[in-house]
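# Structural characterization, general
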Amino acid sequence: MARLHIDTVSKTYGADYAVREVSLDIADGEFMVLLGPSGCGKSTLLRMIAGLEQPTSGRIRLDGNDITEAAPQRRDLAMVFQSYALYPHLTVAKNIGFPLRARRRSRAHIAERVAEVARTLELSALLERRPGALSGGQRQRVALARAMVRDPGAFLMDEPLSNLDAKLRSATRAELIALHRRLGATFLYVTHDQVEAMTMATRIALLDAGRVEQVGTPEELYDRPRTAFVAGFLGSPPMNLFPAVVTARDGGLRVLSDGIDADLDITADSGGDTAVLAGIRPERLRLDAAGSAVRGRVRMVENLGSEELVHVVAGAHTLCARLPRPAGVRTGDDVAFRVDPAHIHLFDPASGLRLTWQDAVAPRPAVLVP
Ligand SMILES: Nc1ncnc2c1ncn2[C@@H]1O[C@H](COP(=O)(O)OP(=O)(O)O)[C@@H](O)[C@H]1O
Ligand SMILES: [Mg+2]
């Protein structure tokens, strides 16, 4: 069992925060992915949980026990790094068995565990090879096997797939999902790759500049991003985000901007003229000659094989639509799109926080002048 409780943990280097007041609860058996751009503090957070770094402040608990100051080997956790850090002069079997030899387990016990783990990860035929004679994917599996051999309560993984080519990465992703199901252990997995996060995580913690922006299931983050940062980070191509105004017109609320006039399907006689940051995902724009949500001219069409990305200049904005191929439009064409009102996201332009339409038309509190 491994339940992790991270309580207001910060880490500073000089005056700079690498991790800033992060609180996170990870339930037993979860596959939690720490996701975020390079430099946002993912590795630092993971290394503090592993005991390889000391937090500047805050506490870390494992199954209720405070482990903030415990030595790494005293935590019931196994870490898998981006660089596999295998011993080149040892065979695969010796590499996998290393953590057990370091703990002075019996030879019979070690042999049994190594064989068992090797079977799970399909390494049985490679046990006598040295790491130099393995492919990247096989080395990656050996590193995983070495972490599994102790049967830890939780696995901590720092971008373990980043050295693999695209095909192997996709295959290993599927293996990790299956492994997680089979072991029922807690996985805490660091990546900057949103596809890895979306496909593997039971929950994602999205970090930016050392802070947690949002924690939730992949669907929650994708469908209801809490901030404009989350909205822009998830999705490929990313969500179209543009400054706009929410206003009441002809008895309903609309989102207006240069080249954009989208119905929010909310009855309202008055109110609004509120500045917002509006967001529409590329796959939610639908070609419709009668549509008014977005009107513009096609700047470029990208062929993705099954779909096309149509880049449209609408007033001052360039928006991207993702359409089934062939979309039937060409560079220079005038086009119009509609969008389901439910798929229009609104954010506060100053704080970046998600707005409901009620927020967006609420009168702003008057500023009190003393
Ligand atoms: N040992 C260190 N000394 C100084 N700054 C560090 C050190 N380790 C990490 N940092 C800084 O902390 C921030 C977070 O780094 P890191 O946790 O490695 O990010 P990520 O893994 O998300 O790419 C970065 O700005 C990085 O430069
Ligand atoms: Mg890192």
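What counts, and at which threshold
- Residues numbered from 1 in each chain as written.
- Chains lettered and ligands numbered in written order.
- Predicted model: local features only at pLDDT ≥ 70, side-chain atom pairs only at ≥ 80, totals over all residues.
- Heavy atoms only, no water.
- Domains from an automatic or database assignment.
- Contact = heavy atoms within 4.5 Å.
- Buried area = accessible area lost by both parts, 1.4 Å probe.
- Salt bridge = Lys/Arg side-chain N within 4 Å of Asp/Glu carboxyl O.
- 1 Å grid on protein atoms, 1.4 Å probe; cavity = no way out; pocket = protein on both sides within 12 Å on 5 of 7 lines; lining within 4 Å.
- Points joined across faces, edges and corners; volume = space filled by probe spheres on them.
- Helix = DSSP H or I, 4+ residues; strand = E, 2+ residues; numbered from the N terminus.
- Nonpolar A, V, L, I, M, F, W, Y, C, P; charged D, E, K, R; others polar.
- Near = heavy atom within 4 Å.
- Polar contact = N/O pair within 3.5 Å; in protein donor to acceptor, adjacent residues only side chain to side chain.
- Areas by Shrake-Rupley, 256 points an atom, 1.4 Å probe, with all protein chains shown as cover.
- Buried < 20%, exposed > 50% of the residue type's maximum accessible area, 1.4 Å probe, protein only.
- Pairing = 2+ DSSP bridges.

Split into domains, the chain comes out as domain 1 (4-233) and domain 2 (240-361). The distance between the C-alpha centroids of domain 1 and domain 2 comes to 39 Å. Each partner contributes to the interface: domain 1 provides nine residues, whereas domain 2 provides nine residues. Interface area for domain 1 against domain 2, summed over the two sides, is near 830 Å², with a carbon-plus-sulfur share of 50%. Where domain 1 touches domain 2, the interface holds zero salt bridges.

A separate point is the layout of surface pockets. Put simply, the largest pocket is a space of about 580 Å³. Ala 78, Met 79, Phe 81, Pro 99 and Arg 150 are the residues nearest the centre of the largest pocket, which is lined by 22 residues in total. Put simply, the parts of the chain that give the lining of the largest pocket at least two residues each are β6 (77-80), α2 (92-102) and α4 (136-148). With four residues, β6 is the largest single contributor of residues to the lining of the largest pocket. Along the lines of polarity and charge, the residues of the lining of the largest pocket split into 17 nonpolar, one polar and four charged.

Right, let's get into the environment of Met 239. Looking at where Met 239 falls in the secondary structure, it is placed in the loop between α8 (228-233) and β11 (240-249). Remark: the alpha-carbon pair of Met 239 and Gly 315, spanning 76 residues in sequence, is separated by 18 Å. Here Met 239 is in contact with Pro 225, Ala 231, Gly 279, Ile 280, Arg 281, Pro 282, His 345 and Phe 347, once residues within four sequence places are set aside.

Let us look at the site of ligand 1. Taken together, Tyr 13, Ala 18, Pro 37, Ser 38, Gly 39, Cys 40, Gly 41, Lys 42, Ser 43 and Thr 44 make up the full set of residues adjacent to ligand 1. A distance of 3.0 Å separates an oxygen atom of ligand 1 from a polar atom in the backbone of Gly 41. At a separation of 2.8 Å, an oxygen atom of ligand 1 approaches a polar side-chain atom of Lys 42. Protein chains bury 54% of the 560 Å² of accessible surface belonging to ligand 1 in isolation. Of the residues forming the shell around ligand 1, the biggest block, three residues, is contributed by helix α1 (residues 42-50). Looking at side-chain class alone, the shell around ligand 1 contains four nonpolar, five polar and one charged residues.

Right, let's talk about α2 for a bit. Among all positions in α2, only Val 92, Asn 95, Ile 96, Gly 97, Pro 99 and Leu 100 are buried. Taken from the residues just after α2, Arg 104 is the one with a positive phi, measuring 60 degrees.

Enumeration over the complete set of coordinates arrives at 13 salt bridges. Taking the shortest distance from any N to any O, the salt bridge between Asp 7 and Arg 61 comes out at 3.8 Å. Of this pair, Asp 7 sits in strand β1 (residues 4-13) while Arg 61 is found in strand β4 (residues 57-62), placing the two residues 54 residues apart along the sequence. Measuring nitrogen to oxygen at the nearest pair gives 2.6 Å for the salt bridge that ties Glu 30 to Arg 203. Pair noted here: Glu 30 is in the loop between β2 (16-26) and β3 (31-35) and Arg 203 is in strand β9 (residues 203-208), with a separation of 173 residues, a long-range link. According to the relative accessible area criterion, Arg 203 is partly exposed, its value standing at 25%. Several salt bridges converge on common partners, so that one network encompasses Lys 11, Arg 47 and Glu 53.

Our next topic: the pairing of β4. By the bridge criterion, five bridges tie β1 to β4 in an arrangement that is antiparallel. Residue pairing in the sheet places His 5 in a bridge with Arg 61 of β4. Bridge analysis of β4 against strand β5 (residues 65-66) gives two bridges, and the strand direction is antiparallel. Its bridge partner lying in β5, Arg 61 is registered against Asp 66. Counting the residues between successive antiparallel strands, the hairpin from β4 to β5 contains two residues, one of them, Asp 63, with a positive phi of roughly 50 degrees.

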